[in-house]
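This is what each chain is made of:
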Amino acid sequence: MDTIKLVDLKRQYAALRHDILPAIESVLENMQLYLGPQTRAFEQEWATYTGARYAIGVDNGTDALLLTMRAYDIGPGDEVITPANTFVAVVEAIMATGATPVFVDCDPATYQIDVAAAAAAITTRTRAIVPAHLYGFAADIDALCAVAHPRGILVIEDASQAQGLHYRERNAGALADSAAFSLYYTKNLGAYGEAGIVTTSDAAIADRLRMLRQHGATAQDRYTTRIPGYNSRLDEIQAAILRVKLCHLDVWNARRRAIAMQYDELLGDIVAAPMPPAECDPVYYVYVVRLAERARIQQELREHGIETGIHYPVPLHLQPICAHLGYRSGRFPVAEAYADTILSLPMFAELADAEIERVATTVRAAVCQPSGAIR
Ligand SMILES: *Cc1c(COP(=O)(O)O)cnc(C)c1O
């Protein structure tokens with residue numbers, strides 16, 4: 001039996017290659033590989049798509065977070081609040097600015113940042129809250145802004161798992177002060193390599209980002225470094241690929257929602273799963289379930305040719321890089337319990353109905369052995 005991969009991008013490529021290959025070729029024939037027409041066009045298209053005024057292409061999502069925080073002058077002495085159950089890149093980005101990450105637990109129903117916990121974690125040093133839209137569900141951004149903005153605290157979306165996400169008639173990328181997107185190849189909108197983009201409607205921040213991504217210099221005066229920056233540009237080949245893929249994003253996201261509904265129907269009676277908040281139209285970067293005997297079930301799925309993942313197995317406050325911050329195990333009980341029990345099932349737009357059924361049947365058989373499920 002064929003393996004069902006967690007993400008199988010060969011199928012998407014097979015469908016797109018007739019558009020992708022000429023796009024790459026045209027960049028190579030033009031031979032302007034950075035900050036050229038493809039990047040400018042993609043930035044414009046992404047700004048329009050998200051509803052933010054500006055979009056600034058960078059090398060990857062981790063840099064998108066780092067450069068955004070640097071653009072706001074977040075640095076040593078500052079604190080940045082983020083959930084304990086997201087990807088470690090946000091911690092690296094906060095630490096790279098010199099600021100201190102402050103973790104909070106997640107909501108037990110949606111698995112998104114717990115807004116009351118974030119409010120309680122605010123101190124006089126807090127400069128920003130950086131919620132992730134985890135799994136392609138929306139964090140409760142309006143509630144976070146209501147807590148943060150009156151105190152002069154920024155809200156920066158980590159929208160890396162949320163390309164195309166709608167929340168209250170608006171789009172991820174235009175929900176708060178700025179947003180950082182990874183466009184890593186496995187994301188809902190992914191390049192064929194590294195890519196990231198920042199969106200904001202603040203002209204001064206957009207200008208700072210354009211400098212920070214290119215050695216702290218302006219485009220007009222490339223060899224004068226005005227602020228210590230980075231080499232972190234979106235490249236033209238990736239921008240050309242992303243422009244082709246952007247035309248399909250809404251259709252892919254709709255298919256991901258349909259797949260999630262099928263999983264819900266086939267498995268909802270035997271496994272726990274995070275509930276998308278009512279005010280969003282989730283884009284299911286991953287489809288997560290929670291299982292008491294995760295290791296055994298993951299192994300059984302592997303033996304039946306079904307690949308799974310864990311997003312993510314180690315809560316951020318328990319990562320070795322955070323040891324000096326003094327968090328102990330037990331501090332964030334929801335995030336910790338979930339890290340031990342979550343499992344991501346195959347999820348990509350080209351997944352066939354028969355494959356969804358095979359995954360569900362195999363999960364059901366594994367779970368329905370004694371004590372496999374969490375109810
Ligand atoms: C993928 C991801 C990132 C990091 O993006 P890279 O492009 O791999 O640097 C950051 N945050 C979240 C939530 C992600 O899913």
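Bear in mind that the values here come from a model prediction, so they are computed numbers and not experimental data.

The subject of this paragraph is the site of the ligand. Looking at the ligand, there are 13 residues lining it, with Gly 61, Thr 62, Asp 158, Ser 182 and Lys 187 nearest. Contact distances for the ligand include 2.9 Å between an oxygen atom and a side-chain N or O atom of Gln 161. Lys 187 is positioned with one of its side-chain polar atoms (N or O) 2.6 Å from an oxygen atom of the ligand. Taken by itself the ligand offers 380 Å² of open surface, and the protein chains cover 93% of this. One can see that the ligand is located within the largest pocket. Taken together, the residues that form the shell around the ligand break down as four nonpolar, seven polar and two charged.

Next up on the list: the packing of aromatic side chains. Under the definition given, this model contains 14 aromatic pairs. Between Phe 137 and Tyr 284 the ring centres are 5.3 Å apart and the planes differ by 80°, which places this aromatic pair in the edge-to-face class. With a gap of 147 residues between them, Phe 137 in the loop between strand 4 (126–129) and helix 6 (141–148) and Tyr 284 in the loop between strand 10 (280–281) and strand 11 (287–290) connect regions that are remote in the sequence. The class of Tyr 284 is buried, set by a relative accessible area of 7%. Centroid distance Tyr 327 to Phe 332: 5.8 Å. Interplanar angle 45°. Geometry classified as tilted. Among the residues examined, Tyr 327 registers a relative accessible area of 15% and is labelled buried. Given a relative accessible area of 6%, Phe 332 falls into the buried group. By way of ring pairs, the aromatic residues Tyr 111, Tyr 135, Phe 137, Tyr 263, Tyr 284, Tyr 287 and Tyr 338 are connected into one cluster. Directly above the ring of Tyr 34 sits Arg 233, whose terminal nitrogen or CZ lies 4.8 Å from the centroid.

Our focus in this paragraph is the sheet that holds strand 8 (residues 178–182). Pairing within the open sheet is mixed, and its seven strands lie in the order 1-9-8-5-4-2-3. Bordering the open sheet on either side are strand 1 (54–58) and strand 3 (100–104), each of which pairs with just one other strand. Neighbour to neighbour, the strand axes of the sheet diverge by 25° on average, direction disregarded. Of the strand pairs in this sheet, strand 4 and strand 5 (residues 154–158) are connected by two bridges, and their pairing is parallel. In the strand pairing of strand 5, Ile 129 is matched with Val 155. Seen against the sheet, helix 2 (residues 37–50) touches strand 1, strand 8 and strand 9 (196–200) and runs at an angle of roughly 130° to strand 1. Across the face of the sheet, helix 3 (residues 61–71) comes into contact with strand 1, strand 2 (79–83), strand 5, strand 8 and strand 9 while running at roughly 160° to strand 8.

Inspection of the secondary structure puts Arg 294 in helix 10 (residues 294–303). For the buried Arg 294, no salt bridge is present, and the opposite-charge side chain at shortest range is Asp 340, 5.0 Å distant. Among the polar contacts listed, one links the side chain of Arg 294 to the backbone oxygen of Ala 339, at a separation of 2.7 Å.

Turning our attention to the layout of surface pockets. Taken as a whole, the largest pocket spans an internal volume of roughly 480 Å³. Lining the largest pocket are 28 residues, with Ser 182, Tyr 184, Thr 186, Lys 187 and Tyr 285 sitting closest to its centre. Every element with two or more residues in the lining of the largest pocket is listed here: helix 1 (9–30) and helix 3. Per-element tally for the lining of the largest pocket: the top contributor is helix 3, with three residues. Size it by volume and the second largest pocket reaches roughly 320 Å³. Surrounding the second largest pocket, 15 residues form its lining, Leu 35, Glu 43, Arg 210, Arg 213 and Ala 219 being those nearest its centre. Listing elements by their share of the lining of the second largest pocket, those giving two or more residues are helix 2 and helix 7 (203–212). Partitioned by chemical class, the residues of the lining of the second largest pocket number five nonpolar, five polar and five charged.

Conventions adopted
Residues numbered from 1 in each chain as written. Predicted model: local features only at pLDDT ≥ 70, side-chain atom pairs only at ≥ 80, totals over all residues. Heavy atoms only, no water. Near = heavy atom within 4 Å. Polar contact = N/O pair within 3.5 Å; in protein donor to acceptor, adjacent residues only side chain to side chain. Areas by Shrake-Rupley, 256 points an atom, 1.4 Å probe, with all protein chains shown as cover. 1 Å grid on protein atoms, 1.4 Å probe; cavity = no way out; pocket = protein on both sides within 12 Å on 5 of 7 lines; lining within 4 Å. Sits in = over half its atoms within 2 Å of the grid points. Nonpolar A, V, L, I, M, F, W, Y, C, P; charged D, E, K, R; others polar. Phe/Tyr/Trp six-rings, centres within 6.5 Å; stacked < 30°, edge-to-face > 60°. Helix = DSSP H or I, 4+ residues; strand = E, 2+ residues; numbered from the N terminus. Buried < 20%, exposed > 50% of the residue type's maximum accessible area, 1.4 Å probe, protein only. Lys NZ or Arg CZ within 6 Å of the ring centre and 35° of its normal. Pairing = 2+ DSSP bridges. Axes fitted to C-alpha atoms, helices over the stretch in contact; angles between N-to-C directions. Contact = heavy atoms within 4.5 Å. Lys, Arg positive; Asp, Glu negative; His and termini not counted. Salt bridge = Lys/Arg side-chain N within 4 Å of Asp/Glu carboxyl O. Points joined across faces, edges and corners; volume = space filled by probe spheres on them.

From the geometry alone we can't say anything about function, so treat these as descriptive.
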